[in-house]
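Working through the structure, step by step
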There are 2 protein chains.
Amino acid sequence: MCDKAFQDHYPDLLSHCYGCGRLNEKGHRIRSFWDGEESVARFTPSPEHIAVPGFVYGGLLASLIDCHGTGTAAAAAYRAEGREMDTEPPHRFLTASLQVDYLKPTPLGPELELRGKVAEVKGRKVVVDITLQADGVICVKGRVIAAEVPDEMIPRIK
Amino acid sequence: MCDKAFQDHYPDLLSHCYGCGRLNEKGHRIRSFWDGEESVARFTPSPEHIAVPGFVYGGLLASLIDCHGTGTAAAAAYRAEGREMDTEPPHRFLTASLQVDYLKPTPLGPELELRGKVAEVKGRKVVVDITLQADGVICVKGRVIAAEVPDEMIPRIK
């Protein structure tokens, strides 16, 4: 793993996401890295991220999978082009479709580990399969179909 | 619509969810109601719930669909039994599987409206299809497969 996360390479204007934007002071600031062919992110939920007592609420888990998926999609797009994430032009993906299967209740307390595998890179679309585990047990599986941010959503620099 | 939301009927010990628990002071406190055969919930995201500037981040949208889905599932279970939500025993559902399709970017600012349709009620499983709209335009569609909270997840009253 290198020290700089995928999300650290997002342009400032696209770094405000509540899930993964380094410039969103109230957000989760998820950070994703390569670990060989897989991507990995770690996150420890706060006590308020509760579903029923003792377990993490599903909306947070969906959010972690979502943002780890789009981060992995961006990193995979650079890799597919054989260039580093600090080169231009930048890649930034949003989620077109999210599938989350809650296999077991996710305990609230331990650090969670997300691992992503790139299933497909095709033009402006990247598909990422993700597992989320707590204490070494896979609790949630997800699939993110990510698409490059459409030009009309990118804020203009004036 | 009546004044009491589906979530207001959850037992106190199951009312801490970050998405919809009335006892979670930091959470979203989503509230869902019947509107004829459909369920409806309304929620106005905060400025920090941003994806890229001007749009809502997908994790929140997934969370809203998730909790509106489980709330609708509980209400549908009572309806299927022909009894009111203030009767015993209580129903409380969790999400087994969540599918979210982001059809259009969801603008950040306007109140969002979620509408749920019960697709299936079968034993401990309920399937709910949900649309999320902003300014009258459907931006997101989702499907929640909800399952009754397993007994081992329910905190014991001592």
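Our structure's up above, just so we're on the same page.
Residues numbered from 1 in each chain as written. Chains lettered and ligands numbered in written order. Predicted model: local features only at pLDDT ≥ 70, side-chain atom pairs only at ≥ 80, totals over all residues. Heavy atoms only, no water.

Points about the environment of Leu98 of chain B
With respect to the helices and strands, Leu98 of chain B occurs in strand E3 (residues 93–102). The spatial distance from the C-alpha of Leu98 of chain B to the C-alpha of Cys139 of chain B is 17 Å, given a sequence separation of 41 residues. With residues up to four places along the chain from it excluded, the contact list for Leu98 of chain B reads Ala62, Leu98, Gln99, Val100 and Tyr102 of chain A together with Ala62, Ile65, Asp66, Arg143 and Val144 of chain B. (Helix = DSSP H or I, 4+ residues; strand = E, 2+ residues; numbered from the N terminus. Contact = heavy atoms within 4.5 Å.)

Details of the pattern of salt bridges
According to the stated counting rule, one finds 24 salt bridges over all chains in the structure shown. Counted as one network, the salt bridges with shared partners bring together Asp35, Glu38, Arg42, Glu111, Glu113, Arg115 and Lys117 of chain A. (Salt bridge = Lys/Arg side-chain N within 4 Å of Asp/Glu carboxyl O.)

Some details on the relation of the copies chain B and chain A
In the superposition of chain B on chain A (RMSD 0.0 Å, axial shift 0.0 Å), the rotation amounts to 180 degrees. Seen this way, the second copy is the image of the first under a two-fold rotation axis. Considering only C-alpha atoms, the residue of chain B closest to the rotation axis is Gln99 of chain B, which sits at 2.3 Å. Interface overlap between copies is the fraction of interface residues in one copy that are interface residues in the other; for chain B against chain A it reaches 100%, indicating a shared surface. (Least-squares fit on C-alpha atoms with pLDDT ≥ 70 in both.)

Remarks on the state of the cysteines
Taken as a whole, this structure holds zero disulfides over all chains when the rule is applied. As a non-bridged cysteine, Cys17 of chain A has Cys67 of chain A as the owner of its nearest cysteine sulfur, 3.7 Å distant. Since its relative accessible area comes to 6%, Cys17 of chain A is described here as buried. Cys67 of chain B takes part in no disulfide bond, and the closest cysteine sulfur, belonging to Cys20 of chain B, lies 3.7 Å away. By relative accessible area, Cys67 of chain B is classed as buried at 4%. (Disulfide = S-S within 2.5 Å. Buried < 20%, exposed > 50% of the residue type's maximum accessible area, 1.4 Å probe, protein only.)

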